[in-house]
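# Architecture at a glance
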Amino acid sequence: MKIFKTSAVIALTVMIVASCGDKSPYVKRSELEQSESEKAELKMSLEELQSSYEKQNEDLSKILNELSVISRKTAHIQLNVEGVPQEVDQVELISSDIEAVKKRIDDLEKEANRARKLDKKLAIATETINELKETISIQESRIAELNEKISSQDATILAQKNTISAKDNEIASQADELRKTIALQVEMIYQAGVAFEDIADNGDFKVTGRKNKTSVNEYRKSIYVRAIEYYKTALSEGHNLAQERLEGAQAKILALDNAK
């Protein structure tokens, strides 16, 4: 999250220079206007990066949840192979769900590629995208197997029962991998909160004058608020350190309010 810290400091420096420039007889109007323009561009760039990072994580979370649902539905059909003729509609629905998830993955990949051009640290890793594609490919293979059984409806249905144990192990393994991925996602969200809190704590906010100090305090509070949002999300997903961090950030906002 170094880019957030650097961008925040640069943006703040531009704000201070611009605000002082209004009162200084030695600053040209053209220079002031250029500073204001640069400040606006930096703010927009930072907001776009934050928005992209949040969108990627939100999309990744949705994809993981949908993959988990698809896996459970497919496993249910596999474990009830004797009722395959009655499961035709369900298999078709799962196929439709798979196509929808594939589109989500493609969209996530495009968004990650766009963010990677600005800062690769703010993009979902290529390895994660490839793992999602591999997982959906496995689901497509399982659906293809079911479709083949539905079309043939021969003695292989009985033989399939003997492989249920192996399939159970495969499903359990996939579920474990999904849990690990989700845990990693929650940790990423938590660390995003830590990074924002660190910016608010340690940003090089060198200012003079009561007015500028008030402005900086409000800016720091807005950063703490963003950190709190990430902590709340991580807490809702069961992160065991998020509660303490959340309370700490709230206390820092209160301290800034009392310092007025």
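Structure's up top.
My aim in this report is to walk through the structure given alongside it, one point at a time.

Cut-off values and rules
- Sequence order as written defines residue numbering, which begins from 1 separately in each chain.
- Selection of residues for local features in this predicted model requires a pLDDT of at least 70, selection of side-chain atom pairs for listing and counting requires 80 or more, and totals for whole chains, interfaces and linings are taken over all residues.
- To get the side-chain values, take all heavy atoms of the structure and skip hydrogens and water.
- Elements are defined by DSSP. Helices are runs of H or I of four residues or more, strands are runs of E of two residues or more, and each kind is numbered from the N terminus.
- To estimate how far a helix should extend, the number of its residues minus one is multiplied by 1.5 Å.
- Buried, partly exposed and exposed residues are distinguished by accessible area as a fraction of the type maximum, computed with a 1.4 Å probe on protein chains only: under 20%, between the cut-offs, and over 50%, respectively.
- Starting at the helix axis, one direction is taken to each C-beta atom, and the arc is that of these directions.
- A pairing counts as a salt bridge when a side-chain nitrogen of Lys or Arg comes within 4 Å of a carboxyl oxygen of Asp or Glu.
- Lining residues are those with an atom within 4 Å of a point, where the points come from a 1 Å grid over the protein atoms alone and group into cavities, where a 1.4 Å probe fits but cannot get out, or pockets, open sets with protein on both sides within 12 Å along at least five of seven lines.
- Grid points are joined across faces, edges and corners, and a volume is the space filled by probe spheres set on the points.
- Here the term charged refers only to Asp, Glu, Lys and Arg, the term nonpolar to Ala, Val, Leu, Ile, Met, Phe, Trp, Tyr, Cys and Pro, and the term polar to all other amino acids, Gly among them.

A few words now on helix α8 (residues 242-258). For α8, built from 17 residues, the straight-helix expectation of 24 Å at 1.5 Å per residue is met to within 8% by its first-to-last C-alpha distance of 24 Å. Taken together, the buried positions of α8 are occupied by Ala242, Leu246, Ala249, Ile253 and Leu256. Buried residues of α8 fall within an arc of 85° about the axis and therefore sit on the same side. α8 presents Glu244 and Asn258 as exposed residues on the side facing more than 90 degrees away from its buried surface.

Tallied over the full model, the rule gives 19 salt bridges. Among the ionic pairs, Glu54 bridges to Arg226, the shortest N-O distance being 3.0 Å. With Glu54 in helix α2 (residues 29-78) and Arg226 in helix α7 (residues 210-236), this pair connects stretches of sequence that are 172 residues apart. Residue Glu197 is joined to Arg245 by a salt bridge in which the shortest nitrogen-to-oxygen separation is 3.3 Å. Taken as a pair, Glu197 in helix α6 (residues 164-202) and Arg245 in helix α8 lie far apart in primary sequence, 48 residues in all.

Let us look at the layout of surface pockets. Roughly 310 Å³ of internal volume is contained in the second largest pocket. What lines the second largest pocket is a set of 16 residues, and nearest its centre among them are Asn57, Glu58, Gln185, Ile189 and Thr233. Where the lining of the second largest pocket is concerned, the elements lending two or more residues are α2, α6 and α7. Residue composition of the lining of the second largest pocket, grouped by class: 5 nonpolar, 6 polar and 5 charged.

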